[in-house]
There are 2 protein chains.
Amino acid sequence: MLKEETKTAPRDCGECPIRHRAVCARCEADELEQLDRVKYYRNFQAGQTVVWAGDQMDFVGSVVSGIATLTQAMEDGRTQMVGLLLPSDFIGRPGREKAIYDVVATTDMVMCCFRRKPFEELMSNTPNIAHRLLEMTLDELDAAREWMLVLGRKTAREKIASLLTIIARRDATLGFGKAHGKMTFDLPLTREAMADYLGLTLETVSRQISALRKDGIIVLEGKRHVTVPDFERLMEEAGDDCDGGLLA
Amino acid sequence: MLKEETKTAPRDCGECPIRHRAVCARCEADELEQLDRVKYYRNFQAGQTVVWAGDQMDFVGSVVSGIATLTQAMEDGRTQMVGLLLPSDFIGRPGREKAIYDVVATTDMVMCCFRRKPFEELMSNTPNIAHRLLEMTLDELDAAREWMLVLGRKTAREKIASLLTIIARRDATLGFGKAHGKMTFDLPLTREAMADYLGLTLETVSRQISALRKDGIIVLEGKRHVTVPDFERLMEEAGDDCDGGLLA
DNA sequence: CTGGAATGTTGATCTGGGTCAAAGTTCTTA
DNA sequence: TAAGAACTTTGACCCAGATCAACATTCCAG
């Protein structure tokens, strides 16, 4: 049932696609070598759980390729996604024994893991790592706060538009191409996952996507492939005039 | 009109009330001295704006006493509070020129400010500062994510209960006393500010507070002074069974 | 292919919280 | 000590989004 290695890990850091965006972005050759000693790659399939909230977690690491989600749940089953982890994003918290969120791979995913204890030690001797991690954490904090506005104050339609905006921007940044005019991308999330991210029900997500389609804001091919004829138009629908920011 | 110094700044770090919780928590004597050279205190009155979103910000710093809020607004006036800054919390982001949120003092407040440029330099030579800031930022990220669950998935009543829970916990941590059984504290926020924090209208906030009062979950003296007869009961209302965490 | 999970769409109805409106309470400042 | 101004409560009504239900589509495994 295992597909034969969806995507293989990079052979070494030199050809790693996230070399210049991840925690290791600012490391020198010798530092990379130290990291290399405590590092290993792991592959996950779409749908697979990386960690369960409450589990012991003896590694931290970076998303190399693919997408994962960070999710929090209440006892009665209500669920809120609190983070969307894209290539180069960091998973885990140095100094923390147990995961406090569920981490799930929503697409096939490759992770570059570091054994936690040695990584923590490395961090205290390697300002380049600690510094980059601080920077990334501050970015994520900004993204989380931006998302608080979405959750707290935006309408369902604006929420959907905001999510599309983020995904489109990410594709522009990571792949090639500008974040304006005509754009095309795939939704890496199911309707349900979108609902969990947006604080909506999946029915509402479905309806609002249909509405945006009817209004010509987006064009769908199949369920997942989206074309945005005019990105500026989409941003207006999202309610945030142009504000940059967002998203690590 | 100025009250004669609501609360004065500490004379020196030795008697600073946040000495062991703020960015400087782990600094040695010599490091404190370096910080001292770029530091100054500022007093704000309740209601005063500390920084406007978009403004140049040439300082960062810590809340010494009092409370401030971090707020984000859409052009049409919808407003979402994205942070509640308590004593020892850090304001501003090293490396960032312009504020991206409004910062407002909701009570009289004393800040310990550092000139931004020299602080940034200091940070690169002083792992103790950078490290502590990373730790604090990670805590704030956790708090922001916890809040995403509140905003996205909780009912109005649960939201109010969650907020009361946070404030009660803070008072327990900062002041004296345990976070269980009978607790008493003052609300540092107006109904409107609570609404902005919770993604509600002030009418709903008012109604739900009345409802909690009627149900005996809380007892009010005046508008602001709250007694919680049974903290466990309040936590149940908040929907999170006991989960610790939250709040820097 | 084919039967059954997932996954997604659409409709009908209900409801929690928003909106609008009017009073009631404090707090100021004169 | 009075007259605002700011804050809070409460009521009546409404609507965006939830809930419940049926059906369509896609994707597999056998």
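Residues numbered from 1 in each chain as written. Chains lettered and ligands numbered in written order. Predicted model: local features only at pLDDT ≥ 70, side-chain atom pairs only at ≥ 80, totals over all residues. Heavy atoms only, no water.

Caption draft 1: Examining the environment of A:Glu121 more closely. Take A:Glu121: it is sitting in helix H2 (residues 116–125). Distance from A:Glu121 to A:Pro94, taken between C-alpha atoms, is 9.6 Å for residues 27 residues apart in sequence. (Helix = DSSP H or I, 4+ residues; strand = E, 2+ residues; numbered from the N terminus.)

Caption draft 2: View of the protein's contact with DNA strand D. Neighbouring DNA strand D are 16 residues; A:Ala156, A:Thr204, B:Arg191, B:Ser206 and B:Ser210 lie closest to it. Backbone sugar and phosphate groups make up 64% of those atoms of DNA strand D lying within 4 Å of the protein. Take B:Arg191: an N or O atom from its side chain is 2.6 Å from a phosphate oxygen of DNA strand D. Where the surface near DNA strand D is concerned, the elements lending two or more residues are helix H6 (202–214) of chain A together with helix H6 (202–214) of chain B. (Near = heavy atom within 4 Å. Polar contact = N/O pair within 3.5 Å; in protein donor to acceptor, adjacent residues only side chain to side chain.)

Caption draft 3: Main features of the packing of aromatic side chains. All names here are of chain A. Under the definition given, this model contains six aromatic pairs over all chains. With a centroid separation of 5.3 Å and an interplanar angle of 20°, the aromatic rings of Phe 114 and Phe 119 are classed as stacked. In this pair, the class of Phe 114 matches that of Phe 119, namely buried. Pairwise contacts between aromatic rings join Phe 90, Phe 114 and Phe 119 into one cluster. (Phe/Tyr/Trp six-rings, centres within 6.5 Å; stacked < 30°, edge-to-face > 60°. Buried < 20%, exposed > 50% of the residue type's maximum accessible area, 1.4 Å probe, protein only.)

Caption draft 4: Focus on the protein's contact with DNA strand C. Taken together, 17 residues surround DNA strand C, and among them A:Arg191, A:Arg207, A:Ser210, B:Thr204 and B:Arg207 come closest. Among the atoms of DNA strand C lying within 4 Å of the protein, the sugar-phosphate backbone contributes 65%. At 2.6 Å from a phosphate oxygen of DNA strand C is found a side-chain nitrogen or oxygen belonging to A:Arg191. Within the side chain of B:Thr201, a nitrogen or oxygen atom sits 3.1 Å from a phosphate oxygen of DNA strand C. Looking at the surface near DNA strand C, the elements with two or more residues in it are H6 of chain A together with H6 of chain B. Looking at the surface near DNA strand C, the element that brings in the most residues is H6(A), giving four residues.

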